[in-house]
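Working through the structure, step by step
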Amino acid sequence: METSQLEKELGLDEILVKVEEVISAISQAKYVGHVICALHSIALLVFPIDSSLVAASVDPCCRDQILRAELPSSEKRDYWWQVFYGGPAFPVLARVLLHDVACNWLACFPFTARKHVYDIFFTSGIPTKVVHTLVPCLSYKNGTGPDAEVFLSNVESCLRLLKVLLLENNGVLQMAEEFDRCQWESVPKKQLIASISRVAQLVASIPDKAQPRASYTLSAHNFFKRVICQLLLVTEERVFVSSDGREIFNGDGLDCALHFVGELFARICRRGYVDVLMSEVTTQMLNYARSFLSTSLPLVPDILKSHPGYFFWSNLMGTVKDIYAVEKMLEHLLLQLASEGVNELEAYCIIWILFHKLLKNQISIRTLFTDRFLLWKVFPVCCLRWIFQFAIFESPPNDEFHVEGGYQRQCLLDTVQRVVAVWSKREFVQSYPLEQQAYMTAAVGLLVVKMSKEELDGSKEVMPCILQGISCRLENPSDIIRKMASSIALAFSKVIDPKNPLYLDDSLKENTIDWEFGFTTSISKDKAINDMNVSAIMPLRISSDGINSGTGSKVKYKRESLPETKMIDPDEIVDPATLGYETGSDCTNDDNSSSEISDVSSNTLLQPYDLSDDDSDLKRRLSHLVDVVGALRKADDVNGVDQALDMTEKLVRASPDELKYMTGDLVRTLVQVRCSDIAVEGDEDSAEEKRQKALVALHVMCPLESLEMTHKLFYSPNVDISQRIMILDIMSEAAQELAETKAVKPKYQQNPLISVTSDSQPWFLPSSVGPPGAGLWKEVAGTGCQLNFLNPAIENLSNWSTHYERELPSKVNHIKQGKTRRWSTRSWIFQKNLTEISHNKFPIYAAAFMLPVMRGFDKKRHGVDLLGRDFLVLGKLIHMLGVCMKCISLHPEATALAPALLDMLRSRAVCQHPEAYVRKAVLLAASSILIALPPSYVASALVEGDAEILEGVEWVRNWALHVVESDPDKECYSLGMACLQIHNEMALQASRALELANNTTLSKVIDLPSDFSGGNIKIPRSIVD
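By convention here, each chain's residues receive numbers from 1 onward along its written sequence. Local features are withheld for residues below a pLDDT of 70 in this predicted model, meaning they are given only at 70 or higher, and side-chain atom pairs are given and counted only at 80 or more; totals for whole chains, interfaces and linings count all residues. To obtain the side-chain values, all non-hydrogen atoms of the structure were used and water was disregarded.

Per an unreviewed UniProt entry, the chain is named Telomere length regulation protein conserved domain-containing protein, and its organism is Trapa incisa. UniProt positions are given in the numbering used here, feature names are shortened, and annotations may be inferred rather than shown by experiment. What UniProt records for the chain under Sequence similarities (unreviewed entry) is the sentence "Belongs to the TEL2 family." Within the UniProt record for the chain, the comment given under Subcellular location (unreviewed entry) is "Cytoplasm".

Let us now look at helix H40 (residues 871–887). Owing to its 3.6 residues per turn, the α-helix brings residues three or four apart onto one side. Here H40 contains 17 residues, and its C-alpha end-to-end distance of 24 Å stays within 8% of the 24 Å for a straight helix at 1.5 Å per residue. Burial of H40 is extensive: 16 of the 17 residues sit out of reach of the surface. Only runs of H or I of at least four residues qualify as helices and only runs of E of at least two qualify as strands under DSSP, and these elements are numbered from the N terminus. Working rule for helices: expected span equals 1.5 Å times residues minus one. Using a 1.4 Å probe on the protein chains alone, a residue whose accessible area is under 20% of its type maximum counts as buried, one over 50% counts as exposed, and one in between counts as partly exposed.

Disulfide: a pair of cysteine sulfur atoms within 2.5 Å of each other. Counted by the stated rule, this structure contains zero disulfides. Left unpaired, Cys884 is separated from the closest cysteine sulfur, that of Cys887, by 6.3 Å.

Looking now at the environment of Cys349. Topologically, Cys349 is positioned in helix H19 (residues 344–361). Spatially, the C-alpha atoms of Cys349 and Leu304 are 7.9 Å apart, while their sequence positions differ by 45 residues.

Attention now moves to the nonpolar core. As used here, the term nonpolar core means buried Ala, Val, Leu, Ile, Met, Phe, Trp, Tyr and Cys residues forming a set that is joined through side-chain atoms within 4.5 Å. Core analysis: the biggest nonpolar cluster contains 184 residues, and Phe84, Phe121, Phe122, Phe260 and Phe355 have the highest contact counts within it. Two residues qualify as a contact provided that any one of their heavy atoms is within 4.5 Å of a heavy atom in the partner residue. Aside from chain neighbours lying at most four places away, what touches Phe122 is Phe90, Ala94, Leu97, Leu98, Val130, Leu134, Leu161 and Leu165. Core analysis: the next-biggest nonpolar cluster, separate from the first, contains 104 residues, Leu670, Ala687, Leu707 and Leu923 among them.

A word on the pattern of salt bridges. Side chains carrying opposite charge are able to pair once their charged atoms draw close together. Salt bridges, as used here, are contacts in which a Lys or Arg side-chain nitrogen is within 4 Å of a carboxyl oxygen on Asp or Glu. Using the criterion set out here, one finds 25 salt bridges in the structure. A salt bridge links Glu327 to Lys377; the nearest nitrogen and oxygen atoms lie 3.5 Å apart. Here Glu327 is found in helix H18 (residues 323–340), whereas its partner Lys377 is found in the loop between helix H20 (363–375) and helix H21 (381–392), with 50 residues between them in sequence. In this structure, Glu327 and Lys377 share a single accessibility class: buried. For Glu455, the salt bridge identified is with Arg409, shortest N-O distance 3.1 Å. Pair noted here: Glu455 is in helix H25 (residues 453–458) and Arg409 is in helix H22 (residues 406–423), with a separation of 46 residues, a long-range link. The same class applies to Glu455 as to Arg409, namely buried. Among the ionic contacts, a cluster of salt bridges with common partners joins Glu327, Lys328, Glu331, Arg372 and Lys377.

This brings us to the side chain of Glu733. Residue position: Glu733 is located in helix H37 (residues 721–739). A residue is classified by how much of its surface remains accessible, and Glu733, at 8% relative accessible area, is buried. Two N or O atoms count as a polar contact when they lie within 3.5 Å, although within protein this holds only if one can serve as hydrogen donor and the other as acceptor, and sequence-adjacent residues are included solely when both atoms are side-chain atoms. Within polar-contact distance, the side chain of Glu733 engages the side chain of Gln692 at 2.9 Å.

Between rings of Phe, Tyr and Trp, where Trp is taken as its six-membered ring, a pair exists when centres lie within 6.5 Å; planes separated by under 30 degrees are stacked, by over 60 edge-to-face, and by other angles tilted. Evaluation of the coordinates by the stated rule reveals 24 aromatic pairs. Here the aromatic rings of Tyr85 and Phe90 are separated by 4.9 Å at their centres, their planes lie at 40 degrees, and the arrangement is tilted. Ring centres of Phe714 and Tyr715 lie 4.8 Å apart, and the angle between their planes is 85 degrees; this geometry places the pair in the edge-to-face category. For the pair Phe714 and Tyr715, one class covers both residues: buried. Put simply, the rings of Phe47, Trp81, Phe84, Tyr85, Phe90, Tyr118, Phe121 and Phe122 touch in pairs and so form one group of aromatic residues. Above the plane of the ring of Tyr715 lies Arg861, whose end atom (NZ or CZ) is 4.1 Å from the centre. Placement of a positive charge over a ring is assigned whenever Lys NZ or Arg CZ falls within 6 Å of the ring centre and within 35 degrees of the normal to the ring plane.

Take helix H14 (residues 256–270) next. Compared with an ideal rise of 1.5 Å per residue, which puts 15 residues at 21 Å, H14 spans 21 Å between its outermost C-alpha atoms and is within 8% of the ideal. Most of H14 is tucked away: 13 of the 15 residues are buried. Positioned one or two residues after H14, Gly272 has a phi angle of 95 degrees, which is positive.

Under this scheme, a helix contributes an axis fitted over its contacting stretch, all axes are lines through C-alpha atoms, and angles between N-to-C directions fall in the 0 to 180 degree range. At a minimum axis distance of 6 Å, the contact between H19 and H20 shows a crossing angle of 120 degrees. As far as their axial angle goes, H20 and H19 are oblique. Between H19, through Ile351, Phe355, Leu358, Leu359 and Asn361, and H20, the contact on the second element is made entirely by Ile363, Ile365, Arg366 and Phe369. By the convention adopted, Pro, Cys, Tyr, Trp, Phe, Met, Ile, Leu, Val and Ala count as nonpolar, Lys, Arg, Asp and Glu as charged, and the other residues, Gly among them, as polar. When grouped by side-chain class, the residues that make up the contact of H19 with H20 number seven nonpolar, one polar and one charged. For classification purposes, an angle smaller than 35 degrees is called roughly parallel, one larger than 145 roughly antiparallel, one from 65 to 115 roughly perpendicular, and anything else oblique.

On to the packing of helix H32 (residues 638–653) against helix H33 (residues 659–672), then. Interaxial distance between H32 and H33 falls to 13 Å at its minimum, and their mutual angle equals 150 degrees. Crossing hand, H32 versus H33: left-handed. For the pair H32 and H33, the contacting residues are Leu645, Thr648 and Val652 in the first and Leu659, Leu666 and Leu670 in the second. Looking at the contact of H32 with H33 residue by residue, the classes come out as five nonpolar, one polar and no charged. Handedness of a crossing is defined here by the sense of rotation of the near helix relative to the far one, left-handed for an anticlockwise turn of less than a right angle and right-handed for a clockwise turn.

This is the structure in structure tokens:
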């Protein structure tokens, strides 16, 4: 109802007088009924309440006063309501209600009276005014004084009122409708935007301010979800309004309700609940998109613009001025669509409706799509396709992208150049997580396939960058990164020459490429951090000819377990000439049988003999290492080299007398053999395996002689990277085999010190004394005879000729028939009395394994650059040193070698190496050091102040913490966590050892009596005896 300015001023004066009277009555009230009557007198003027309900809840003395109150007309009540909330009357009364009535009287109010004369001022008023009044009360700052006590007493009342107003009465929806009313038309646009922003800020801050005392209803997740549902009701109303062609703007061309929704969306995103927001928005947008696509209309911009939701949603996104909120909304929209499994048409339709207008009008939004979402974020590949289709190709997914020239083509070229420039850098491969690398590789591949050969030739930067990126990835030890290079090479070759695609990996199919590379949107970090398996950390294996086994033919070298160690037998005799020919007799029998068949068949068929089986007899049997070395050096004799590789390990493990003199030449020859040249195609791994087993056997049987030559070859300029890696693998396996050597010795059987005559053994049984291995005595019945000769009819007595027998072991000079490889026979009883024990032989050779290769590792030699180009060798070297430390765990040698290895690992060029492969090796070696150090040694270092070992151990902990906090590689993170756990366990064991040492020292201190004069200590004779 319209009123003149004079009438408004008069009404305001009247309502202020009435408020003053109510405040005075409340201050003078002695009973709660008086307060209810005072509040009822003003509530009756503003709200349509039922006085009988209020009267029924108060004392009879106040009931007549409530019932006699005069009811105003509805027009008068509406007028009073507008004046009451439009002026200062409500803030004044609200302050009294919140700081006086709520503190002193509200607890005594009956439920009906509280609802109709107290709550109604907040739940039935203008929501924006009420929010401005209630929300500041939740963050009262003063900590002392009467105001603080009032705040602590009525804060729950404020929360209850806000819950009723905003959630139960749809107060947020009322606010949006309020901003559309005509009273805002006279407000300047700048002031109006500030008011809307202030209200949105207050509403969004409620969960944070109410958090200490909030119920589940006002928890952030539940509160924002219900607020978003109310905001989406506003959007539905606006969609229907916009479908009629009407625009709801105020005088300055501002849709206030739309701006309020956009402001609240931005505030919710800033509060961290964009996932809740976009979950609800995505559901509604999917309904819009599916309803549109069900009409079978073509997906073109003109028809999309005619959709009822396009006008509203495009304008709504335009009201969100916070670029961070827009980015988060777009990011979660893509992830929500991917999780819903929508098709490309639905996704394109939704993204186009929401962001097409922003993409055309704001450069920052285009930058989000073409720069930030490609270089800094990680999405599923389907989201990547949607981004390209919408922001770069700017065409629906069902259309082919064949734009010659124009804006889209230039946008494609610019995007490709920008992405490829980052993707091709070696620093990107070294420092970025695998998920980011896989994502950008997919982006490069999907963009390159849309280019033409002429565009690639005309671009001066794209083609060199692609080739550089492929090259640096092919050199990487990770199979996944090499597969990325192979995929880009295949996509690139299809553009250059579609008829001759380049396949660097046999796993790639002809027509499709898996751009996911096995990754999803988030790679789990949950790995077994205690798993110190070497193969999971060092997966690289390079064949002898320098070709990486992870690419090309996809042949992987299968590392077999160490050969089963045999029991040491000093009596064993081996005939080297018969090694490898155990089946000779079988072959001879086969030859004889075949000859007989040939003889029979030759009488009828008159065909010549087949002499192909006789070639084995013509072969020279290699029985000496000198012959093996000579055969290995004849590279043109393929069969001879293959036979020598078969025989080498067996001859070496037979330990002939010539072994120590031939070890150096044999090691050099085996390292220089090219298995790829002498093996049949497809059998390269078999020859490589024989060579490696032979070299491991040499390092086990003659460690010092073999290591002398191995260390010379390792830094030799005549050895390539694959041979150096093979040398390190051999040293690792040899160290493990030496550490797991098994031997046999007779079982120790303790004889009883006191002989006891057993009652269970009769006196007439023979003694159990006899040779070792003798069996138990057994009773054997004899023939017997009759004792009663005079009267045969009487039954004979028991057999008196019973005797006892037992089995005895074979005599020493008795030789059994059959094959044997012993000088003398050992009975099975003797073998049964042997026990198998493990004997670690590696500690005495640990220094010979580790120190020579550690010396000068940081020097750049001719053909050797471990800190630079040859980082694979450096990683393998550190890994080998870590294996050696594990093999000497808890041995004294570990305390001597640990400081030297720690100094190597602490060098800046090693621990901060740009390649994750090296950093993982350093973490493994550091963990091995912590495992190898005896806890008692660490405890003694603490007591004696050994700075060298203490600083090294502390560095391991600090560096592992640094890796966990900042290293981008997930495997480095897992290994860093494992290293920290090992360090904590080592510290615990050291502290226990230190505590035990202190307790032992205290227990040895004996308090002597004060009158003890240094005489002899007498020991009782019983103790001496």
